Amino acid sequence: MTQADAQSTSHPYAALTPDVVLDALAAVGLAGDGRLMALGSYENRVYQVGLEDGSRVVAKFYRPGRWSRAEIREEHAFAAELTGAEVPVVAPLVLGGQTLHEHGGFAFSVSPWRGGRPPELDDFEVLEWLGRFLARLHTVGSAGPFAERPAFSAQAWGEAQRDWLLAHEAVAPEVRGEWQALCVDALALIAPDACPSSATGQFGLKNASLIRVHGDCHPGNVLWTPAHELGGGPHFVDLDDARMGPAVQDLWMLLSGERRQRTQQLSALLDGYEQVRDFDRRELALIEPLRTLRLIHYSAWLARRWVDPTFPIHFPWFGTPDYWRGQVAMLREQIEAMQEEPLSA
């Protein structure tokens, strides 16, 4: 994105000052004591706020224009369903009879504060526990569809993002042609009519049963508390990316390392998952396609958000020729991976 493009769009959070945050909480009956700490969120603005009674809450201010009010309320309703089924998620508080509020031009919600640390993903017992947890989440998620929120698709997460990056000249000119050609090859493998000799051609996104999923189930969105504590174990703190998708979307981001390591991790996850709910093993063929779509989508997400000052600060390497050369290398790797046999467990 050019500097002129960045300057032509105003920063959406420019008006969200600490006073606005505290005034928003006061408007829903919560008196802050002045303690305000920004939490690690780039898409939205999220704050831990101390209240006068000594307790803490988390206030989340949604990025203007990203989700409609109906889509946000659907996320909140899903969280309420999950808590009703005793699935440990941190759901928004009902204040004044509602979970979504407006103040100063911003939509916001307030949730209880929950501590925790990232899960130890090299511990197979932890992975098995996470598998049971995700199966419980998916049992609720399969009970009915989202009416407002979109579904994962190669068009939305791949083709549309590629086209946006090219139209806005966000890809470094040194590798633009190569990156575009690799995107074409990668997306052709994911397309519904992909060659049947490829792993993805045997079972694609069009074949999967779509349910309500977390959507962004990486380790940073799972907090772990010691098992001996009340409510110990995993809990989710963010359903912002919830949408319709295959169940495997919530598993693959918990896998890392070489193929042997990922196979072992997947086995532990599925050992736990299948204690609670059946898993369609054919969906394992979607892991590398979903990883490829996320790779393309992530670059577009960074480029689209570059007008937000927090992005250049936290992602200073984005947009450089070296960054795009790295993307070219990863796309090559993904094309190879999508033509290999899927992981099995």
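Structural data are supplied above this passage.
Residues numbered from 1 in each chain as written. Predicted model: local features only at pLDDT ≥ 70, side-chain atom pairs only at ≥ 80, totals over all residues. Heavy atoms only, no water.

(A) Looking closely at the sheet that holds strand β1 (residues 32–38). Strand order in the open sheet formed by 5 strands is β1-β2-β3-β5-β4, and the pairing between neighbours is antiparallel. The outermost strands of the open sheet, each flanked by one partner alone, are β1 and β4 (101–103). Pairwise comparison of adjacent strand axes, ignoring direction, gives a mean angle of 35 degrees for this sheet. As judged from the 4 bridges shared by β1 and strand β2 (residues 45–51), these two strands associate in the antiparallel manner. Looking at the pairing, Met-37 lines up with Gln-48 of β2. (Pairing = 2+ DSSP bridges. Helix = DSSP H or I, 4+ residues; strand = E, 2+ residues; numbered from the N terminus. Axes fitted to C-alpha atoms, helices over the stretch in contact; angles between N-to-C directions.)

(B) Quick peek at the pattern of salt bridges. Tallied over the full model, the rule gives 25 salt bridges. Arg-305 serves as the salt-bridge partner of Glu-43, at 2.6 Å between the closest nitrogen and oxygen. One end of the pair, Glu-43, is in the loop between β1 and β2; the other, Arg-305, is in the loop between α9 (287–304) and α10 (310–314), with 262 residues separating them in the sequence. Note that Arg-63 is salt-bridged to Asp-308, the shortest N-O span being 2.6 Å. Pair noted here: Arg-63 is in the loop between β3 (56–61) and α3 (69–84) and Asp-308 is in the loop between α9 and α10, with a separation of 245 residues, a long-range link. Like Asp-308, Arg-63 is buried. Three or more residues are tied together by salt bridges with common partners; here these are Glu-43, Arg-45, Lys-60, Arg-63, Arg-66, Glu-75, Arg-149, Asp-238, Asp-240, Asp-241, Arg-305 and Asp-308. (Salt bridge = Lys/Arg side-chain N within 4 Å of Asp/Glu carboxyl O. Buried < 20%, exposed > 50% of the residue type's maximum accessible area, 1.4 Å probe, protein only.)

(C) The environment of Ser-109, seen in detail. Among the structural elements, Ser-109 can be located in strand β5 (residues 106–112). Residue class for Ser-109 comes out buried when judged on its relative accessible area of 2%. Expressed as a C-alpha distance, the spacing of Ser-109 and Ile-72, which sit 37 residues apart in the sequence, is 9.7 Å. With residues near it in sequence (within four places) discarded, Ser-109 still touches Val-58, Ala-59, Lys-60, Tyr-62, His-76, Pro-92, Thr-99 and His-101. Within polar-contact distance, the side chain of Ser-109 engages the side chain of Tyr-62 at 3.2 Å. (Contact = heavy atoms within 4.5 Å. Polar contact = N/O pair within 3.5 Å; in protein donor to acceptor, adjacent residues only side chain to side chain.)

(D) Broad picture of the pairing of β3. Taking burial as the measure, the 6 residues of β3 include 5 buried ones, the bulk of the element. Inspection of the sheet shows β2 paired to β3 by 6 bridges, in the antiparallel sense. Its bridge partner being in β3, Val-46 is matched across the sheet by Lys-60.

(E) Main features of α9. Between the first and last C-alpha of α9 there are 25 Å, a value that for 18 residues agrees with the 26 Å anticipated at 1.5 Å per step. Counted residue by residue, α9 has 14 buried out of 18 residues, so it is predominantly covered. (Expected span 1.5 Å × (residues − 1).)

(F) Expanded view of the pairing of β2. Counting buried residues in β2 gives 7 out of 7 residues, a clear majority hidden from the surface. Burial of the side chains of β2 extends over both faces: Arg-45, Tyr-47, Val-49 and Leu-51 are buried on one face and Val-46, Gln-48 and Gly-50 on the other. Count of turn residues in the β2/β3 antiparallel hairpin: 4 residues, of which Gly-54 carries a positive phi of about 95 degrees.

(G) Summary view of the packing of aromatic side chains. For the coordinates displayed, the defined rule picks out 22 aromatic pairs. Between the aromatic rings of Trp-129 and Trp-224, the centroid separation amounts to 4.9 Å while the plane-to-plane angle is 80 degrees, which identifies the pairing as edge-to-face. Of the two residues, Trp-129 sits in helix α4 (residues 124–141) while Trp-224 sits in strand β7 (residues 222–225), which places them 95 residues apart along the sequence. The exposure class of Trp-129 is partly exposed, given its relative accessible area of 27%. By way of ring pairs, the aromatic residues Tyr-42, Trp-179, Tyr-298, Trp-301, Trp-306, Phe-311, Phe-315, Trp-317, Phe-318, Tyr-323 and Trp-324 are connected into one cluster. If you follow Arg-56 out to its NZ or CZ, it ends over the ring of Trp-113, 3.7 Å from the centre. A cation over a ring is seen here: Arg-212 above Phe-146, with NZ or CZ 5.8 Å from the ring centre. (Phe/Tyr/Trp six-rings, centres within 6.5 Å; stacked < 30°, edge-to-face > 60°. Lys NZ or Arg CZ within 6 Å of the ring centre and 35° of its normal.)

(H) Structural detail: the packing of helix α6 (residues 176–190) against α9. Look at α6 against α9: their axes get within 10 Å of each other, and the N-to-C directions meet at 140 degrees. Taken as a pair, α6 and α9 cross one another with a handedness that is left-handed. Each of Cys-183, Ala-186, Leu-187 and Ile-190 in α6 lies in contact with α9, whose residues at this interface are Pro-289, Thr-292, Leu-293 and Ile-296. Grouping the amino acids of the contact of α6 with α9 by side-chain chemistry returns 7 nonpolar, 1 polar and no charged. (Left-handed = near helix turned anticlockwise from the far one by under 90°. Nonpolar A, V, L, I, M, F, W, Y, C, P; charged D, E, K, R; others polar.)

(I) Quick peek at the side chain of Asp-308. Assessed through its relative accessible area of 0%, Asp-308 is described here as buried. Not counting residues within four places of it along the chain, the set of residues in contact with Asp-308 comprises His-11, Tyr-13, Tyr-42, Arg-45 and Arg-63.

(J) Structural detail: the environment of Arg-136. Mapped onto the elements of the fold, Arg-136 is located in helix α4. In the structure, Arg-136 is positioned 50 residues away from Glu-86 in sequence and 9.0 Å away in space, judged by C-alpha atoms. Once residues within four sequence positions are removed from consideration, Arg-136 is found in contact with Ala-85, Glu-86, Val-87, Pro-88 and Val-276. A polar atom in the side chain of Arg-136 sits 2.2 Å from the backbone oxygen of Glu-86.

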